[in-house]
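# Structure assessment
Here are the chains, one letter per residue:
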Amino acid sequence: MTAKQESNQMKNNIRKWSGLTFLGVMLFIANIASAQTAAPSTTSTTTTTTSSDGTVSQFSPDTIVVKSSTSTTPLSYSYSKTTTYVDENGNTVSSETVKSGAPVTVYYTQDGDKMVATKVVVRKTTTTTTPATP
């Protein structure tokens, strides 16, 4: 091989390697750019809150048992430190206001087979009086 042929061969090799290197760098940059613009995946959970009206039949350290006029079986709700207790006007009241016989509305979420009270509205006890007959 002559010096001129060797020189042309070397130039061709340099061109091939330069092209491959350029292609590799471009693919690498494209990969990084797509990784930076990819949106993070998110998971959403839907929680449904339900309410039930009734009268407290039992209030223990871990459950509230409420007898409803619409159900023959009393419903048991668990509660936690995050459960809020309010009166009919939305004013915060202490959990001590929840007593046997108190009319309440319990807002709860379903956690498996367990109903967890999120808010308890303590309503005023209403008494009905009948007018005296003359």
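No experiment lies behind these values; they were computed from the predicted model shown.

## A closer look at the overall build of the protein chain
Along the backbone of the protein chain there are 1 helix and 6 strands. Secondary structure elements in the protein chain, listed N-terminal to C-terminal, are α-β-β-β-β-β-β. Each of the 134 residues in the protein chain was classed as buried or not, and the buried ones make up 20%. Considering only intrachain contacts with a sequence separation of at least 6, the fraction spanning at least 24 residues in the protein chain is 50%. Counting every atom, the protein chain has about 10,500 Å² of accessible surface; 56% of that belongs to carbon and sulfur.

## Side note on a nonpolar patch on the surface
Taken together, the side chains of Phe22, Val25, Met26, Phe28, Ile29 and Ile32 define a hydrophobic patch exposed on the protein surface, amounting to about 590 Å² of accessible area. Mapped onto the elements, Phe28 comes out in helix 1 (residues 3-37). Judged by its relative accessible area of 55%, Phe28 is exposed.

## Section: the nonpolar core
Counting 14 residues, the largest nonpolar core has Val56, Val66, Tyr77, Val98, Val104, Val106 and Val120 as its most contacted members. Listing elements by their share of this core, those giving two or more residues are strand 2 (63-67), strand 5 (103-111) and strand 6 (114-122). Ranked by residues supplied to this core, first place goes to strand 6 with 4 residues. Dropping the residues within four chain positions of it, Val66 is found in contact with Gly54, Thr55, Val56, Ser57, Pro74, Leu75, Tyr77, Val104 and Val106.

## Examining the environment of Val122
Within the fold, Val122 resides in strand 6. Take Val122: its relative accessible area is 13%, and that puts it in the buried class. Through-space distance from the C-alpha of Val122 to that of Glu88 is 6.5 Å; in sequence the pair is 34 residues apart. Not counting residues up to four positions away in its chain, the partners in contact with Val122 are Val86, Asp87, Glu88, Val93, Thr97, Val98, Pro103 and Val104.

## Focus: the pairing of strand 6
Alignment of strand 4 (residues 84-87) against strand 6, held across 4 bridges, turns out to be parallel. Residue Val86 lies in a different strand from strand 6, and its bridge partner there is Val121. Pairing of strand 5 with strand 6, which is carried by 8 bridges, proceeds in the antiparallel orientation. Paired with Thr105 across the bridge in strand 6 is Val121.

## Observations regarding the environment of Thr49
In this structure, Thr49 sits in strand 1 (residues 49-59). The spacing of Thr49 and Val106 is 57 residues in sequence and 9.9 Å in space, taken between C-alpha atoms. Ignoring anything within four residues of it in the chain, the contact list for Thr49 reads Tyr107, Tyr108, Thr109 and Thr118.

Procedures and definitions
Residues numbered from 1 in each chain as written. Predicted model: local features only at pLDDT ≥ 70, side-chain atom pairs only at ≥ 80, totals over all residues. Heavy atoms only, no water. Helix = DSSP H or I, 4+ residues; strand = E, 2+ residues; numbered from the N terminus. Buried < 20%, exposed > 50% of the residue type's maximum accessible area, 1.4 Å probe, protein only. Contact = heavy atoms within 4.5 Å. Areas by Shrake-Rupley, 256 points an atom, 1.4 Å probe, with all protein chains shown as cover. Patch = residues over 30% accessible without salt bridge, like charges linked within 9 Å, V, L, I, M, F, W, Y side chains within 5 Å. Salt bridge = Lys/Arg side-chain N within 4 Å of Asp/Glu carboxyl O. Core = buried A, V, L, I, M, F, W, Y, C linked by side-chain atoms within 4.5 Å. Pairing = 2+ DSSP bridges.

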